[in-house]
Every structure is written in C-alpha cells, then in structure tokens.
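Chain residues, written in single-letter form:
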Amino acid sequence: MTLSKEQVLKISHLARLKLTDAETEFYQARLARVIDYVKELEKLEATASGERGMSDERESFRADCVSSFQSLEDLIKNAPDRDGSFFSIPPFLATRDYQ
Amino acid sequence: MNLLIQDLTLERALKGYQKKEFKPSEIVAAYLRHIEATNQSLNSFLSLDPERSLEKAKTLDKQIDSAAVMPLFGIPIAVKDIILVTGWKTTASSKILENYTSPYTATCIERLEKAGAIVLGKTNCDEFAMGSSNENSAYGNVKNPWDTARVPGGSSGGAAAAMASSQCLGSIGTDTGGSIRQPASFCGVVGLKPTYGRVSRYGVIAFASSLDQVGPLTHTVWDTARMLEVMAGKDPCDATTSTQSVTQYTKNLVNAIPLKGKKIGIVSPWLEGCSPDVRSSYEASLEMLKSLGASLIEVALPHATYSLATYYIIASSECSSNLARFDGIHYGRRTRVAPSHLEGLADLYSTSRGEGFGSEVKSRIMLGTYALSSGYYDAFYKKASEVRKIIQQDFDLAFEKCDAIVTPTSPSTAFQFGEKSADPIQMYLSDVYTVPVNLAGLPALSVPSGIDSNGLPIGLQWIGQSFDEMTLLGLASQYENARGKFPRPNI
C-alpha cells in the first residue's frame, strides 16, 4: 500500500505531531511498510470468545478520600513555565484548529 | 580492572557483607570507579550521583550487623531511565523529558531500596522503551561490552550493558515485547519478564499498559530470584497488580524443582528463522536438559506467527494514548516558538511534541493513531485484540502438555549498528520469540546458553505459566548449574 501526504498529515494532526516536509515524506514510506506488515491479520478469521483481560483482579478499589502528595513543589518545579503554584501557559484566547 | 568486581555476584556480595569481608562503601566506591573508567566507551549510564550513592552506602556501613536481615543489603543497582527515582532525572532517553526530575519513586525501586539496595545511576535505553537495539536513544547508542561495534539489544540496552560489564550487581529494566530478555541474551546476562501483574508499574513511564512489566537483569538465576521476591507483590497504587502471594523464590531454589521427569515444550517451526549458531546452541541446550532427565515434547503455538503484527497494533495503539500526556504543559519540553507564531493551543502541543519526540516514537504514535481511528479501528485494533486472545489460548493448550516452554531468546546474536535500521520489520523480527509471551502475559526468563563463532553471547528463553516464576527459576537454575559459570566480557 501507499500513503498519501494528506493521509500522513491527517494522522499527524490527530496525533498532535507537527512534521517537517521531509518527515512527512519519510513517514509516508515508513508507515506504509509497517501497515502492510500488520495487515496480515486480515488473513486470519479470529473467533476468540469471552472476556480475557490481562489481569484477573476485580476488587482493586481504595477508599475515596483525599490524600496529599508529599511535595507540591516537586510536582510543579518540572513545569516549563509557572507562576507560584500555578502552571503557566501562553494566552491563546481565540483557538483555531489548524487544518 | 578490579578482580573483585569481575567475580562478584549479588549472592556473593550478600555473603561477603554478612561475613564482614567488606563494607557497602567499599563496594559502592569500587563500582563507581569502574563506571567512571568504562561509561564513556559504553554509554550505559545517563546519570550518576556518586555522592548520593556513597552517602547511602556509608549509612549502611553502620548497619552492617543487620546485613543478614536486609535482603539486598548494600547491593549497587542500576535503574532504566524510564523508572522514577525521587530526585533523579528521568528522561525516558527522550529530549522531551531532558530536564524532568522525578517527584516520587516507583514502587519497585522503593521496595529494592528498603531492602538495602543502593541506586548507582539511571541507564540509557531506547526512547520510551521503543526499540530493540538501543539505537533510538536521544542520548546516543549504548555499546555492547562484548563487541563495541555491536548493539546491546533493547530497549533495556543500558541496563544489560551495565550488568554485562560488571558496572553493578543488579539492574532493573522493563519488558513490553522482549526489552529485558533480548538485551539480556545479546549481553550474556540473565533477564526476567515476570507475569503481567506480578510487579507494580507505579512510577514506570507507560509505553503499553497491557504489556509493560518491570524485571531484573543479573549475573545469575539466584540473583534474579532475590530481586524478584523483593519487588513483587500487590501495590495499591497499581490496580493491575495481583493479590497472589509472592513465593520466597531463593529459599525454594535450594530445594529446586527437579528437571528430572519434567516435560519441556519445544516449538520446532520457530527454529526456521534462527542463525546457525543460535540453532546449534539451542540444540545443545536441549541435549543438556535431556541428560538432566527432562523429556522434550513438541507443542504447537499455531497463531504465534501473527504475534508481531498483533503486538505492533496493540502496543502502538496503547502508546499513542499513553504518550498524549507529553504536551509541553505540566512537564517536559515546551517549544520555544513564540506564541504569536503558533496557531493556538493545539499547535503548542504539536510543535512541542514534534520537536521533543524521536523518529521511532513518532512512527509508533502515528501507527497507533491510525489503528484506532474511525474507519480503521475494527480492522486493526479490534482484530488484534481478538487475535491476542487466540494466542493466549494457544499457550493454555501448550501448557496442558508441558511444564515450561524453552526457545531461543532471539533468532540472532548482537548485530552491528545500523544493520537493521533500513527496514523496521527486520528490527522488529529480533523480538519474534519474545513478543508472544507479552501478549499472553506470561513470565519468561532468558539465561545465557553459549557463545557464537564471533564470540557473542546466545540466550535461552524459558516460558512459564502465569505466576509460576518458581518453576521457571527452579528449572533454569539447574540448567545454569549444569552449564557452568558463564564468562564475562573483558572490559
């Protein structure tokens, strides 16, 4: 299969990944190669029945009560930008989805 | 090189502490000197903090009389840089987390530290654990200590290289599709992927949440058993951890489950893709198992041939969701492009992520996004989930006939840098024997079995039933004893 530039741009938009033109071209071929490989599952008529999760644990609940993290500072200090105990982001007042 | 380090195992070190032959500060200092002498050529460690490690060691010096009651007293360990340890940077070998400092410690590490282990540093890996060669790190390749022109395997390449080159006495990696076992095989050390749910994933940066597992890499099966029994067990912070009790694996290794009379499952069709050296080492191992009284029985895993395709759909889909959190807002890299040049918040996310993630990570996020998207979800993700159940059923049927399944860990030994970079499928194929195990959630162990004609280690994979790590460790321990001491590379 082949992937068009538009298909890669659509996927990268959904994935929130901005690609350069060179990257877009690279991923057209790269993704097509992997998708071609994984499509082999089409050959198989899968008829597995029943629930089969990865964990048998069902009663993994804890009490619904507030606990505090040991250090708010340790959490916030990784913020790219902060204002005291607030995370700071640029003021995007009119957001447009880019196509 | 310090001869003491070259001969030391975790078990031997514990005995040495109990007999007061040496102190933790002496051992840690020796390992730190060795790392200083070797890390530049191997690039196994990304961060070290000698002062902090020595300070912990000196605290333990004063507690040497408690050595016998602390299961990992004074043991220097290395931690894959995808696992959080308070105060240490955790980068996931990515630019997007280049300045991230862990605000808390992963449960698995907390347990190891409480038992007396001392973290020496964080090891290099493939970015976000995505890779099979440690060529996808934003901080450079890790070199295989057996031949520095070759890969150590991945994604826990740094952890495996650190172990093989005697830079620590135990290391912790993660295994989503073989990322502990394959590098263990390439580097000539023991590596275990426990049953899904045996070890907590709290504090481990998620790649694929239904596949990831934390596990040890060590010099011997006993050492692995000791690290597992310390780390394993229910954790209220990880709902997928099991309430099944944790066996005292090392205690029961002494009265090991005898190989004699045991049925070892073999999957002959899998050998078709092996290199001649891997195949002959495998066959020699099977002969050894027969001489120890085991019988070999052919088992069928008819749908295992679909494992890689199933895995790459499921793992990529899960990673596309798990890595959505890296958006430049609360932590991690935010683009420095001025807001006036960005078209809104979504563009801030996209630009930050585009700058911060490497090529393989972007590839897998996009594959996962595609597989989950409208119009493709049924054909890809839903189908893969159904095939996964069939693969699990294949293993269930196989284990009705045998006690453990033994295969080569990887079809080849360590390849050269760049050798498998042109075609992603060629790279993915190096995990063809390990990936089915993750899909089924079973435990599996790689044990060094031989050396190939290029002087490179070969690994033997042992696959067991859910939560039956005891059988795996017991049987593999006897194999290891019969095989004899495995050499270490000359660094």
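Everything quoted here is computed from the prediction, not taken from an experiment. (Residues numbered from 1 in each chain as written. Chains lettered and ligands numbered in written order. Predicted model: local features only at pLDDT ≥ 70, side-chain atom pairs only at ≥ 80, totals over all residues. Heavy atoms only, no water.)

A. Spotlight on the overall build of chain B. Regarding its fold elements, chain B presents 17 helices and 11 strands. The globule rule puts the C-alpha radius of gyration for 491 residues at 23 Å, and the 21 Å found for chain B is close to it. Its C-alpha atoms give chain B principal-axis dimensions of about 70 × 55 × 45 Å. Scored against the burial criterion, the 491 residues of chain B give a buried share of 66%. The contacts in chain B between residues at least 6 apart in sequence include a share of 76% that link residues at least 24 apart. About 15,800 Å² of surface is accessible on chain B, with carbon and sulfur atoms providing 49% of the total. (Helix = DSSP H or I, 4+ residues; strand = E, 2+ residues; numbered from the N terminus. Rg over C-alpha atoms; globule rule 2.2 N^0.38 Å. Buried < 20%, exposed > 50% of the residue type's maximum accessible area, 1.4 Å probe, protein only. Contact = heavy atoms within 4.5 Å. Areas by Shrake-Rupley, 256 points an atom, 1.4 Å probe, with all protein chains shown as cover.)

B. Spatial organisation of the packing of helix α1 (residues 5-14) of chain A against helix α13 (residues 359-372) of chain B. With their axes 9 Å apart at the nearest point, α1 of chain A and α13 of chain B run at an angle of 95° to one another. The pairing of α1 of chain A with α13 of chain B is recorded here as roughly perpendicular in orientation. The segment α1 of chain A lies against α13 of chain B, with Ile-11, Ser-12 and Leu-14 of chain A engaging Met-366, Thr-369 and Tyr-370 of chain B. (Axes fitted to C-alpha atoms, helices over the stretch in contact; angles between N-to-C directions. Parallel < 35°, antiparallel > 145°, perpendicular 65-115°, else oblique.)

C. Seen up close, helix α3 (residues 24-42) of chain B. All names here are of chain B. In this model, α3 (19 residues) spans 25 Å end to end at C-alpha, consistent with the 27 Å of a helix rising 1.5 Å per residue. Of all bends in α3, the biggest is about 35°, found at Glu-36. All of the buried residues in α3 are Pro-24, Ser-25, Ile-27, Val-28, Ala-30, Tyr-31, Leu-32, His-34, Ile-35, Thr-38, Asn-39 and Leu-42. Following α3 by one or two positions, Asn-43 has its phi on the positive side, about 60°. (Expected span 1.5 Å × (residues − 1). Bend = angle between axes of the 7 residues up to and from the residue.)

D. View of the sheet that holds strand β11 (residues 457-463) of chain B. Residue and element names in this part refer to chain B. Read across the sheet, 11 strands follow the order β1-β3-β2-β4-β6-β5-β10-β11-β9-β7-β8 without closing on themselves; strand pairing throughout is mixed. A strand with exactly one partner marks an edge of an open sheet, and here the two such strands are β1 (45-48) and β8 (295-298). With strand direction ignored, the average angle separating the axes of adjacent strands in the sheet is 30°. As defined by bridge partners, strand β4 (residues 170-175) adjoins strand β6 (residues 213-218) across 5 bridges and the pair is classed as antiparallel. Its bridge partner lying in β6, Asp-175 is registered against Gln-213. Here α3 sits on the sheet in contact with β1, β2 (76-80) and β3 (118-123), set at roughly 15° to β3. (Pairing = 2+ DSSP bridges.)

E. Broad picture of the pattern of salt bridges. In the structure shown here, the tally under the stated rule is 22 salt bridges over all chains. Linked by salt bridges that have partners in common, Arg-30 of chain A together with Glu-360 and Arg-364 of chain B make up one network. (Salt bridge = Lys/Arg side-chain N within 4 Å of Asp/Glu carboxyl O.)

F. The arrangement of the side chain of Arg-198 of chain B in detail. Residues and elements named next belong to chain B. With respect to the helices and strands, Arg-198 occurs in the loop between β5 (190-193) and β6. One polar contact links the side chain of Arg-198 to the main-chain carbonyl oxygen of Gln-244, over a distance of 2.5 Å. For Arg-198, the side chain forms a polar contact with the main-chain oxygen of Ser-245, separated by 3.2 Å. (Polar contact = N/O pair within 3.5 Å; in protein donor to acceptor, adjacent residues only side chain to side chain.)

G. A look at the packing of aromatic side chains. All names here are of chain B. Counted under the stated rule, the structure contains 20 aromatic pairs over all chains. When the centroid spacing of 5.8 Å and the interplanar angle of 75° are considered together, the rings of Phe-128 and Phe-357 count as edge-to-face. With Phe-128 in the loop between β3 and α6 (157-164) and Phe-357 in the loop between α12 (345-356) and α13, this residue pair connects regions lying 229 residues apart in the sequence. Each ring, one from Phe-326 and one from Phe-357, has its centre 6.5 Å from the other, and the planes form 90°; the classification is edge-to-face. (Phe/Tyr/Trp six-rings, centres within 6.5 Å; stacked < 30°, edge-to-face > 60°.)

H. View of the pairing of β6 of chain B. All names here are of chain B. Most of β6 is tucked away: 6 of the 6 residues are buried. The two faces of β6 match: Gln-213, Gly-215 and Leu-217 on one face and Val-214, Pro-216 and Thr-218 on the other face are all buried. Examined bridge by bridge, β5 and β6 share 2 bridges and lie antiparallel to one another. Following the sheet pairing, Gly-191 is matched in β6 by Leu-217.

I. View of the interface of chain A and chain B. Tallying the contact residues gives 53 residues for chain A and 75 residues for chain B. Overall, the association of chain A and chain B removes approximately 5,600 Å² of surface from exposure, summing both partners, and the carbon and sulfur fraction of that is 65%. Along the contact surface separating chain A from chain B lie 4 salt bridges. The salt bridge involving Asp-347 of chain B is made with Lys-18 of chain A; its shortest N-O contact spans 2.8 Å. The interface formed by chain A and chain B includes 14 residue pairs in polar contact (both at pLDDT 80 or more). Of all the elements in the fold, those that place two or more residues in the side of chain A that touches chain B are α1, α2 (21-38) and α3 (72-76) of chain A. It is α2 of chain A that provides the largest number of residues to the side of chain A that touches chain B, a total of 10 residues. Residue composition of the side of chain A that touches chain B, by class: 27 nonpolar, 11 polar and 15 charged. (Buried area = accessible area lost by both parts, 1.4 Å probe. Nonpolar A, V, L, I, M, F, W, Y, C, P; charged D, E, K, R; others polar.)

J. A look at the packing of helix α11 (residues 307-322) of chain B against α13 of chain B. Residues and elements named next belong to chain B. The contact between α11 and α13 brings their axes to 7 Å, and the two run at 100°. Regarding the angle of α11 to α13, the classification is roughly perpendicular. Across the interface between the two elements, Tyr-311, Tyr-312, Ile-313, Ser-316, Ser-317, Cys-319 and Ser-320 from α11 touch Arg-364, Ile-365, Leu-367, Gly-368, Thr-369, Ala-371 and Leu-372 from α13. Per-class residue counts for the contact of α11 with α13 are 8 nonpolar, 5 polar and 1 charged.

K. Spatial organisation of the state of the cysteines. Residue and element names in this part refer to chain B. Applying the stated criterion across every chain yields a total of 0 disulfides over all chains. Residue Cys-168 stays outside any disulfide, its sulfur separated by 11 Å from that of Cys-187, the closest cysteine. The structure places no disulfide on Cys-237, whose sulfur is separated from the nearest cysteine sulfur, that of Cys-108, by 12 Å. (Disulfide = S-S within 2.5 Å.)

L. Quick peek at the nonpolar core. Grouped together as the largest cluster of nonpolar side chains are 170 residues, with contacts concentrated most on Ile-109, Leu-112, Phe-128 and Trp-462 of chain B. If near-sequence neighbours (up to four positions away) are discounted, Phe-128 of chain B is found in contact with Ile-82, Ala-92, Ser-94, Ile-96, Leu-97, Ile-205, Phe-207, Leu-323, Phe-326, Phe-357 and Val-361 of chain B. (Core = buried A, V, L, I, M, F, W, Y, C linked by side-chain atoms within 4.5 Å.)

M. Structural detail: α13 of chain B. Across its 14 residues, α13 of chain B extends 20 Å between first and last C-alpha, which sits within 8% of the 20 Å expected from 1.5 Å per residue. Most of α13 of chain B is tucked away, with 12 of its 14 residues classed as buried. Taken together, the buried positions of α13 of chain B are Glu-360, Val-361, Lys-362, Ser-363, Arg-364, Ile-365, Met-366, Leu-367, Gly-368, Thr-369, Tyr-370 and Ala-371 of chain B. Against the buried residues of α13 of chain B lie α1 and α2 of chain A together with α11, α12, α14 (378-398) and α15 (424-428) of chain B.

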